[in-house]
Amino acid sequence: CEVNKFDDMLELLAASDPKFEQVVAIDSKFELFTRAWCIAELAAAHRMGIQQRVKLESQANLRAFEHTLQRLRVQEMHASRVEDIEEILRRIPNADAFNEDLRKLILEDLIPNWKSLDSELQFSC
């Protein structure tokens, strides 16, 4: 399976374009945060120093799911194949520290940055 090559692709894209950024389009049910590969890619882009921006459906939608974000755990993520979850977990030396860093990235960086934008920028493509 070639899905596990996303780190290499992120590095290549970031190296080839200094303006490269990751846009994280969060679905209305916040299921993105239950998908193991999505979380792994989000964390990898952050680790590489790639600029990240989120796009949300609405502030009300964020309020409805914010409590879920506070409890995110990589050990509870899903993937189409069990082997994918196992591989992702093998790459993480300390799952508790990863979870804390992930919650911090989302709740103290990405979401506050989105909230600081005016409404036109929050919802524009």
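All figures in this text were calculated on a predicted structure; none of them were measured in a lab.

(A) Up close: the side chain of N61. Here N61 lies in helix α3 (residues 59–69). You can call N61 buried: its relative accessible area is 11%. If near-sequence neighbours (up to four positions away) are discounted, N61 is found in contact with D27, S28 and F30.

(B) How the structure looks around the environment of A15. Mapping A15 onto the fold places it in helix α1 (residues 6–16). Assessed through its relative accessible area of 70%, A15 is described here as exposed. Between the C-alpha atom of A15 and that of S80, which follows or precedes it by 65 residues, the distance is 30 Å.

(C) Representation of the pattern of salt bridges. Summed over all chains, the structure comprises eight salt bridges. Note that R53 and E21 form a salt bridge whose closest N and O atoms lie 2.5 Å from each other. Taken together, the residues span a long stretch of sequence, with R53 in strand β2 (residues 51–55) and E21 in strand β1 (residues 21–25) at a distance of 32 residues. Note that K115 and E66 form a salt bridge whose closest N and O atoms lie 3.6 Å from each other. Placement of the pair is K115 in helix α5 (residues 95–116) and E66 in helix α3, with a sequence separation of 49 residues. Given the relative accessible area of 43%, K115 is considered partly exposed. Counted as one network, the salt bridges with shared partners bring together D7, R47, E87 and R91.

(D) View of the packing of aromatic side chains. Within the structure shown, the criterion is met by two aromatic pairs. Consider the rings of F30 and F33, whose centres lie 6.0 Å apart with planes at 40°: the pair is tilted. On the basis of relative accessibility, which here comes to 4%, the residue F33 falls in the buried class. Ring geometry for F30 and F65: centres 4.9 Å apart, planes at 10°, overall stacked. On the criterion of sequence distance, the pair formed by F30 in the loop between β1 and α2 (36–47) and F65 in helix α3 is long-range, its members being 35 residues apart. Three or more aromatic residues joined by ring pairs form one cluster here, namely F30, F33 and F65.

Rules used throughout
Residues numbered from 1 in each chain as written. Predicted model: local features only at pLDDT ≥ 70, side-chain atom pairs only at ≥ 80, totals over all residues. Heavy atoms only, no water. Helix = DSSP H or I, 4+ residues; strand = E, 2+ residues; numbered from the N terminus. Buried < 20%, exposed > 50% of the residue type's maximum accessible area, 1.4 Å probe, protein only. Contact = heavy atoms within 4.5 Å. Salt bridge = Lys/Arg side-chain N within 4 Å of Asp/Glu carboxyl O. Phe/Tyr/Trp six-rings, centres within 6.5 Å; stacked < 30°, edge-to-face > 60°.

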